[in-house]
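A structural walkthrough
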Amino acid sequence: YLHKRQAVLDIFRTIAATTALLDREGPSEILTCAGPPLVAYVMHGVASRRGVRTPVLVSRSTWWRRLVSLDANARMLTLSALATPQRWRRADAGPAGSVAAFVHRAFWRPGMTTGSAESYIGAILSELEKRAGRIRYIGVGPARNFRAHRRLDSAGDSAGAVVPIERFAPLPALRASRDVWRNRQRLYRTMTRSQALREAAVIEGVDCWPIVREELAGVAWLQWPWSVRAMDEAAAALDRCRPSVVVTYAEAGGWGRALILEARRRGIPSAGLQHGFIYRHWLNYRHEPDELEATGTPAFPYPTRTLLFDDYAARHLVEAGRLPATSLCVTGSPRLDELAADIVALGDGAIRRVKS
């Protein structure tokens, strides 16, 4: 959550930028005309320590208003997730022992009912349909693509159609996540009363506690209830469908981790498919040794098999991700194969012209 929000990263960036500005220009006063409260607050803290005048533009009431707004947003999101009409339309369990493919609803092409409709791994799903027969497609995440702004119509239960995961998880199945939601304020108070966290919020001499406190509120009010709800929904879908294997292409994200964790608990094999390039600094694919201990159950729920584009991805997941090499399999990528074939078809002359 903190990595995605990047508020802590912005603190360090603002400190570095302000320090560089003071060293280079040597101003006697800094006026912040516009920008987010974080920047104005941190700039004031850095400048004050250097004896440079700067007005206080972010008051205590500003941070409390932001907390109130965050709390209201968390309530709205949680209530809308619990009250979605999909939970009242129970999905058919389907035949046990089939393949359960969990896909993001926003990236399924509307009007299609076969695996080729999936924007990322359609070719692989189509091949699975030929070899494994019926596949149960279960949709996670919002039905709207935030870039394309289109909505998926996945109400049907016809063969190959995406069934929203909420239809497998009525309210009684969400007991654990509802408990976390009810205890969110207690969890928030526990973190904000931590002396160690309070001391850690002083960064390079600047007291960034109002910013850190707001991020901790987001963890307790937004992230944790959502994470447990994702686990509850994944568990309900697996218990109802009873698949022989689970397939997904978002195994390293929040939804994927919840799904793989619940599949592991039930002894269901899982396959994670790489669907994009893995960046070196992407924290989803970087793990410390204590997350992947040799004894006991690893804290990080990695899939039984992770299928990858190339040896570079496999090497990165072994070295930085510390995943067992035996859990990785380099299979290539249909899309990359098509791209390579297109490049070859262009010929050397066309490639030289483009480069020049």
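Okay, so let's go over this structure. Treat the numbers as computed from the prediction; the structure is a model and nothing was measured.

This next bit is on the overall build of the chain. In terms of regular secondary structure, the chain is built from twelve helices and nine strands. In terms of overall dimensions, the chain has C-alpha extents of about 70 × 65 × 45 Å along its principal axes. Every one of the 356 residues in the chain was classed for burial, and the buried ones make up 43%. Taking as baseline every contact in the chain between residues at least 6 positions apart, the subset at least 24 positions apart corresponds to 74%. About 19300 Å² of surface is accessible on the chain, with carbon and sulfur atoms providing 56% of the total. Here the chain contributes 50 positive and 34 negative side-chain charges, whose respective centroids are spaced 6 Å apart.

All right, on to the packing of helix H9 (residues 209–241) against helix H10 (residues 254–265) then. At their nearest, the axes of H9 and H10 sit 8 Å apart, and the two run at 45 degrees to each other. Between H9 and H10, the angle is such that the two are oblique. Crossing of H9 over H10 shows right-handed handedness. On H10, the residues touching Trp-226, Ala-230, Met-231, Glu-233, Ala-234, Ala-235 and Leu-238 of H9 are Gly-254, Trp-255, Ala-258, Leu-259, Leu-261, Glu-262 and Ala-263.

Looking now at the sheet that holds strand S3 (residues 162–164). If you walk across this open sheet you meet the seven strands as S3-S2-S1-S6-S7-S8-S9, and the pairing is parallel. The open sheet has two free edges, formed respectively by S3 and strand S9 (328–330), since each of these has just one partner strand. Strand-to-strand twist in this sheet, taken as the mean axis angle between neighbours without regard to direction, amounts to 25 degrees. Where strand S2 (residues 135–140) lies against S3, three bridges are found, and the strand directions are parallel. For Ile-138, the partnering residue across the bridge sits in S3 and is Val-163. Sheet strands touched by H9: strand S1 (99–104), S2 and strand S6 (245–248). Its angle to S2, the strand with the most contacts, is close to 165 degrees.

Calculation rules
Residues numbered from 1 in each chain as written. Predicted model: local features only at pLDDT ≥ 70, side-chain atom pairs only at ≥ 80, totals over all residues. Heavy atoms only, no water. Helix = DSSP H or I, 4+ residues; strand = E, 2+ residues; numbered from the N terminus. Buried < 20%, exposed > 50% of the residue type's maximum accessible area, 1.4 Å probe, protein only. Contact = heavy atoms within 4.5 Å. Areas by Shrake-Rupley, 256 points an atom, 1.4 Å probe, with all protein chains shown as cover. Lys, Arg positive; Asp, Glu negative; His and termini not counted. Charge placed at Lys NZ, Arg CZ, Asp CG, Glu CD. Axes fitted to C-alpha atoms, helices over the stretch in contact; angles between N-to-C directions. Parallel < 35°, antiparallel > 145°, perpendicular 65-115°, else oblique. Left-handed = near helix turned anticlockwise from the far one by under 90°. Pairing = 2+ DSSP bridges.

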